[in-house]
Amino acid sequence: MPNLRKVLSGDLDKLFDEDKALQRPEVQKRILVTGGAGFLGSHLCEVLLEAGHQVICADNFSTGLHQNVEHLARFDGFSLIAHDVVEPIDLDVDEIYNLACPASPPHYQADPVHTTKTCVLGALNMLELAARHGARIFQASTSEIYGDPQVHPQVETYRGNVNPFGPRACYDEGKRCAETLFFDFNRARHVEIKVVRIFNTYGPRMRPDDGRVVSNFIVQALKGEDITIYGDGSQTRSFCFVDDLIDGFIRVMASPASVTGPINLGNPAEFTIGELAEQVIELTGSRSQIVHRPLPVDDPRQRRPDISLAERELGWRPSVDLSAGLAQTIGHFDALLTRPDSELMEVA
Ligand code: NAD
Ligand code: UDP
């Protein structure tokens, strides 16, 4: 990684004094993206850099990959910091996108205490940073706020049905507490906040070992392995393609200060997991067989966003349908699995 500036957080002040590329031109914003080397974060960094902004990507590389951001070294305004958001940091920034947190159930359950710390202390540290520098701050919240929902589709006013001590709680309750912190900083310290509840999003740059359903099914289909449906496959999810979601992020950040959220972002087209498996088999032309495995504890039965608030406040609606998005994602995994030098081959 010779082209990327990778520094420890303690060296930051020195770096900003010395590095011309990190000085802020008047028309550009200096934007911190935590979790920027992950799936969503790397797409966001790319879009912000293409718009001419300076982007500081801070990541602890627990699930993120250098490979996701390597190509961003061509932008002068890009810098990469190895940093864990559970530790405080000081940077002079105009905007913060707080995305740092593993999102896949097997990943966030691997070290649940660190997941809670990432959600809660990460949010606190980023909010303190925003308060100190007058920065606007975006929180990647989640449809998991609704838990196993008893209201369908999910509207932002629904308060959810979350098990506070189950295996998903480190993530669900961590993200709920993060929302609490965001709104308290907004009320008490006048920090400009944007809280977005993201529904299942997929696309290129997901890891083959991510563990979420879209990447699992595509990798299994491409390898000709059994496709593992958990439970009977009648549970539903609504799948949003990454480009649509990132467009929503940008619109939220640019919205008037009065738009704080929480605001749902997701694709309202709802599919059973069985239907998803059939689509993946059809699009890959795979001979994989479907097998059933036990349903994980507290697995939500259904999930579909009501996006009327996003439509009204942001003029946002997803445009990529599932088969088009899956085709692009299949192309990504197909290329990845045939690239012997890929960092991801180590985990495939
Ligand atoms: P991801 O696992 O690909 O990315 C998470 C990134 O955060 C990784 O680069 C990881 O290394 C980094 N990270 C994790 N803990 C960290 C810490 N303590 N300090 C610094 N960096 C840390 O997941 P993703 O799908 O890109 O999700 C990004 C964000 O969006 C997460 O906050 C997630 O909760 C939220 N979200 C995603 C989805 C989705 O469907 N993709 C749905 C709901 C919410
Ligand atoms: N799932 C599945 N097979 C897999 C991975 C997941 O059937 O290989 C199911 C999982 O039980 C859940 C749905 O797919 O019902 C979505 O799971 P994912 O982990 O992608 O997201 P989340 O449960 O957090 O919405």
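It should be noted that the structure appears before, not after, this text.
These notes cover the structure that comes with them. These numbers come from a predicted model, not from an experiment.

What counts as what
Residues numbered from 1 in each chain as written. Chains lettered and ligands numbered in written order. Predicted model: local features only at pLDDT ≥ 70, side-chain atom pairs only at ≥ 80, totals over all residues. Heavy atoms only, no water. Helix = DSSP H or I, 4+ residues; strand = E, 2+ residues; numbered from the N terminus. Buried < 20%, exposed > 50% of the residue type's maximum accessible area, 1.4 Å probe, protein only. Contact = heavy atoms within 4.5 Å. Areas by Shrake-Rupley, 256 points an atom, 1.4 Å probe, with all protein chains shown as cover. Near = heavy atom within 4 Å. Polar contact = N/O pair within 3.5 Å; in protein donor to acceptor, adjacent residues only side chain to side chain. Phe/Tyr/Trp six-rings, centres within 6.5 Å; stacked < 30°, edge-to-face > 60°. Right-handed = clockwise from strand over helix to strand, strands pointing away. Pairing = 2+ DSSP bridges. Core = buried A, V, L, I, M, F, W, Y, C linked by side-chain atoms within 4.5 Å. Axes fitted to C-alpha atoms, helices over the stretch in contact; angles between N-to-C directions. Left-handed = near helix turned anticlockwise from the far one by under 90°. Nonpolar A, V, L, I, M, F, W, Y, C, P; charged D, E, K, R; others polar. 1 Å grid on protein atoms, 1.4 Å probe; cavity = no way out; pocket = protein on both sides within 12 Å on 5 of 7 lines; lining within 4 Å. Points joined across faces, edges and corners; volume = space filled by probe spheres on them.

Topic: the overall build of the protein
Here is step 1: When you go through the protein residue by residue, the secondary structure sums to 11 helices and 14 strands.
Here is step 2: Across the 348 residues of the protein, 56% fall into the buried class.
Here is step 3: Within the protein, residue pairs in contact and separated by at least 24 positions form 82% of the contacts whose partners lie at least 6 positions apart.
Here is step 4: Within the structure as shown, the protein displays about 14,600 Å² of accessible surface, and the carbon and sulfur contribution to it stands at 49%.

Brief notes about the site of ligand 1
Here is step 1: Around ligand 1, 30 residues are found, and the nearest of them are Leu40, Asp59, Thr63, Tyr171 and Thr201.
Here is step 2: In the environment of ligand 1, a nitrogen atom lies 3.0 Å from a nitrogen or oxygen atom belonging to the backbone of Val85.
Here is step 3: Leu99 places a polar main-chain atom, nitrogen or oxygen, 2.8 Å from an oxygen atom of ligand 1.
Here is step 4: Relative to its free-state accessible area of 820 Å², ligand 1 is covered by the protein chains to the extent of 97%.

Observations concerning the packing of aromatic side chains
Here is step 1: Applying the stated criterion across every chain yields a total of 6 aromatic pairs.
Here is step 2: Judged by centre distance (6.0 Å) and plane angle (15°), the ring pair of Tyr146 and Tyr158 falls under stacked. Of this pair, Tyr146 sits in the loop between strand E6 (136-142) and helix H6 (169-189) while Tyr158 sits in the loop between E6 and H6; the two residues are 12 residues apart in sequence, bridging distant segments of the chain. The same class applies to Tyr146 and to Tyr158, which are both buried.
Here is step 3: Look at Tyr146 and Phe199: their rings are 6.1 Å apart centre to centre, the planes differ by 35°, and that puts the pair in the tilted class. Note that Tyr146 is positioned in the loop between E6 and H6 and Phe199 in the loop between strand E7 (193-198) and strand E8 (201-202), a separation of 53 residues in sequence.

Some words on the pairing of strand E2 (residues 30-34)
Here is step 1: Buried residues dominate E2, accounting for 5 of its 5 residues.
Here is step 2: Of the two faces of E2, both are covered, the one formed by Arg30, Leu32 and Thr34 as well as the one formed by Ile31 and Val33.
Here is step 3: Tracing the backbone out of E2, into helix H2 (residues 39-50) and back to the parallel element strand E3 (residues 54-59) gives a crossover that is right-handed.
Here is step 4: In terms of strand pairing, E2 meets strand E5 (residues 95-98) through 4 bridges, oriented parallel. Looking at the pairing, Ile31 lines up with Glu95 of E5.

Re the nonpolar core
Here is step 1: Of all hydrophobic cores here, the largest spans 60 residues; its most connected members are Phe78, Tyr97, Phe138, Phe249 and Leu265.
Here is step 2: Among all residues touching Tyr97, those that are not within four sequence positions of it are Ile31, Leu32, Val33, Thr34, Leu44, Leu48, Phe138, Phe249, Ile250 and Met253.
Here is step 3: In terms of nonpolar packing, the next biggest core, distinct from the first, is built from 31 residues, Leu32, Ala123, Ala135 and Leu181 among them.

Thoughts on the packing of helix H7 (residues 213-223) against helix H9 (residues 273-284)
Here is step 1: Two elements in contact, H7 and H9, have axes separated by 10 Å at closest approach and are oriented at 40°. Read as a crossing pair, H7 and H9 show a hand that is right-handed. Facing Val213, Val214, Phe217, Ile218, Ala221 and Leu222 of H7, the residues of H9 in contact are Ile273, Leu276, Ala277, Val280 and Thr284.
Here is step 2: Residues of the contact of H7 with H9, tallied by class, amount to 10 nonpolar, 1 polar and no charged.

What to know about empty space enclosed by the protein
Using a probe with the size of a water molecule, rolled over the atoms, empty space left in the structure can be pinpointed.
Here is step 1: Evaluated as defined, the whole model comprises 1 cavity of 30 Å³ or more.
Here is step 2: The calculated volume of the largest cavity comes to roughly 30 Å³.
Here is step 3: Of all the elements in the fold, those that place two or more residues in the lining of the largest cavity are helix H5 (112-133) and H6.
Here is step 4: Taken together, the residues that form the lining of the largest cavity break down as 4 nonpolar, 3 polar and 1 charged.

Quick notes on the environment of Gly233
Here is step 1: In this fold, Gly233 is placed in the loop between strand E9 (227-230) and strand E10 (236-238).
Here is step 2: Those residues in contact with Gly233, other than ones at most four positions away along the chain, are Thr272, Ile273 and Gly274.

Focus: the site of ligand 2
Here is step 1: Neighbouring residues of ligand 2: 18 residues in total, closest Thr228, Tyr230, Arg237, Asp299 and Arg303.
Here is step 2: The contact in question runs from an oxygen atom of ligand 2 to an N or O atom on the side chain of Arg168, over 3.0 Å.
Here is step 3: In isolation ligand 2 offers 520 Å² of accessible surface; the protein chains occlude 96% of this area.
Here is step 4: Elements represented by at least two residues in the shell around ligand 2 include exactly H7 and E9.

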